[in-house]
Amino acid sequence: MDRNVAIKKKAQQLIQKGQIDAALAEFDKLFAQGDKDPYDFILVADLLAKRGSMQEAVRRYRQAVEEYTRAELFKNAIAVCKKILRISKEDLQIHRTLGELYAKEGLYGDAIIHYLEFAEGSIRRQDHEAALDVIETVLALSPENDELSEKFVEIAVRADQPERGGKELYRRADRLARGGRAAEAVELRERASTLAPGSAPEPAPAADDGPPSLADGSFSATPATPVPAEAARAAPQEAPSPPAFGSAGFDLDQIARAGEGEDARVPEPGVVSLHREEPPLPPAADKADAVGTHAELAAGYLSAGNRELAA
């Protein structure tokens, strides 16, 4: 350790004398001995950048980012990444790293912007696999971003990976069904089955020993009557037309805004919100009519795959 301190002191003296090459040689000795102080990496990178050795400067900046990240000093790592982008604006990997760092800091809007910068650059380079991987990460941060979900499906088809596109359509259909948008969910499932017939998720196992139990341990006394798919498709909701993507580019501001709000946060595992607004019941002539109305509602939810609301 004393030797490392002596090397640093000598390097600083050489810098003050303007002997940059000699100072860099001293820092190389320091790094060879395993010293990984991120500040030293930044100091050396700054010196290299001033004399025009940009590629070597970026390499040292990256080492500083790695050390700050290892120490969980994410804000420091973000600041160094921004230095790299000023030198190398087309450094795609730094955009991905920034996405990861901002996500660790809980700044999901910024994370999404940099993830999508990486995805857009990957598409330009025909690296669709990398683009799909990072867009999946963004969709985990912003699960209700339908525009980006549609973009993911388009890229999956372009990359000859229809199964990934089909799975995403099923995921979106399940979310819409849970939100009571059964007709749109049916249309998405039909698209998914056409795009990738083998991508349908495994259905949940049905109970064989009587009607399903409710949350309080009681049982439903009224069996559900299946609703034909035609009836679900005849519901008043209409699926919005998917956006047209004529090029590989993303509207980063629009997509990032779509990811703002509560859904921009990573949902806590196992937490399911049951507080949904249910449609008002029509006036019932008597108790039997009310029971029949509830049974019809339950059947509709069950046919849409929403077991919670059906129960």
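Remember, predicted model here, so these are calculated numbers, not experimental data.

**Observations regarding the overall build of the protein**
Secondary structure assignment for the protein yields 15 helices and zero strands. Per-residue burial over the protein gives 38% buried out of 311 residues. Residue pairs at least 24 apart in sequence account for 55% of intrachain contacts in the protein once pairs closer than 6 positions are excluded. Summed over all atoms, the accessible surface of the protein reaches about 18300 Å², with 52% contributed by carbon and sulfur.

**Considering the pattern of salt bridges**
One pass over the full model with this rule turns up 25 salt bridges. The shortest N-O distance in the salt bridge between Asp46 and Lys83 comes to 3.4 Å. Of the two residues, Asp46 is situated in helix H3 (residues 38-50) and Lys83 in helix H5 (residues 74-87); the sequence distance between them amounts to 37 residues. Given a relative accessible area of 24%, Asp46 falls into the partly exposed group. A salt bridge links Arg62 to Asp91; its shortest N-O distance comes to 2.6 Å. Separated by 29 residues along the polypeptide, Arg62 in helix H4 (residues 54-70) and Asp91 in the loop between H5 and helix H6 (92-104) bring together distant segments of the chain. Take Arg62: its relative accessible area is 27%, and that puts it in the partly exposed class.

**So, the packing of helix H10 (residues 162-178) against helix H11 (residues 182-195)**
For any two helices packed against each other, the geometry is given by the interaxial angle and the distance between the axes. For the pair H10 and H11, interaxial distance at closest approach is 8 Å and the crossing angle is 165°. Taken together, the axis directions place H10 and H11 in an arrangement best described as roughly antiparallel. Along this stretch, H10 crosses H11, giving a crossing that reads as left-handed. Contact residues: H10 offers Pro162, Gly165, Gly166, Leu169, Tyr170, Arg172, Ala173, Asp174, Leu176 and Ala177, while H11 offers Glu184, Ala185, Leu188, Arg189, Arg191, Ala192, Ser193 and Leu195.

**Things to note about H5**
Under the 1.5 Å per step criterion, the end-to-end length of H5 is 20 Å for 14 residues, consistent within 8% with the ideal 20 Å. The inward-facing, buried residues of H5 contact H3, H4, H6 and helix H7 (108-124).

**A short note on H6**
Under the 1.5 Å per step criterion, the end-to-end length of H6 is 19 Å for 13 residues, consistent within 8% with the ideal 18 Å. Among the residues of H6, those classed as buried are Leu92, Ile94, His95, Thr97, Leu98, Gly99, Leu101, Tyr102 and Ala103. Buried residues along H6 sit in contact with H4, H5 and H7. Count one or two residues on from H6 and you reach Gly106, which has phi positive near 80°.

What counts and how
Residue indices begin from 1 for each chain and proceed along its sequence in written order. This being a predicted model, a pLDDT of at least 70 is required before a residue's local features are given, and a value of 80 or more before pairs of side-chain atoms are given or counted; all residues contribute to the totals for chains, interfaces and linings. Heavy atoms throughout the structure, all of them, feed into the side-chain values; hydrogens and water do not. Secondary structure counts use DSSP, requiring at least four H or I residues in a row for a helix and at least two E residues in a row for a strand, with both numbered from the N terminus. Three exposure classes are used, based on accessible area relative to the maximum for each residue type with a 1.4 Å probe and protein chains only: buried under 20%, partly exposed in between, and exposed over 50%. Only heavy atoms matter for contacts: two residues are in contact if any of them lie within 4.5 Å across the pair. For the area figures, the Shrake-Rupley method with a 1.4 Å probe applies, and any residue is considered shielded solely by the protein chains shown. By definition, a salt bridge exists where a carboxyl oxygen of Asp or Glu is found within 4 Å of a side-chain nitrogen of Lys or Arg. To get an axis, a line is fitted to the C-alpha atoms, and for a helix only the part in contact is used. The angle between two axes follows their N-to-C directions and goes from 0 to 180 degrees. Any angle from 65 to 115 degrees is called roughly perpendicular, while one under 35 is roughly parallel, one over 145 is roughly antiparallel, and all others are oblique. Working rule for handedness: look at the near helix, and if it is turned counterclockwise from the far one by less than a right angle, call the crossing left-handed; if clockwise, right-handed. Take the number of residues in a helix, subtract one, and multiply by 1.5 Å to get its expected span.

Nothing here speaks to function; it is geometry throughout.
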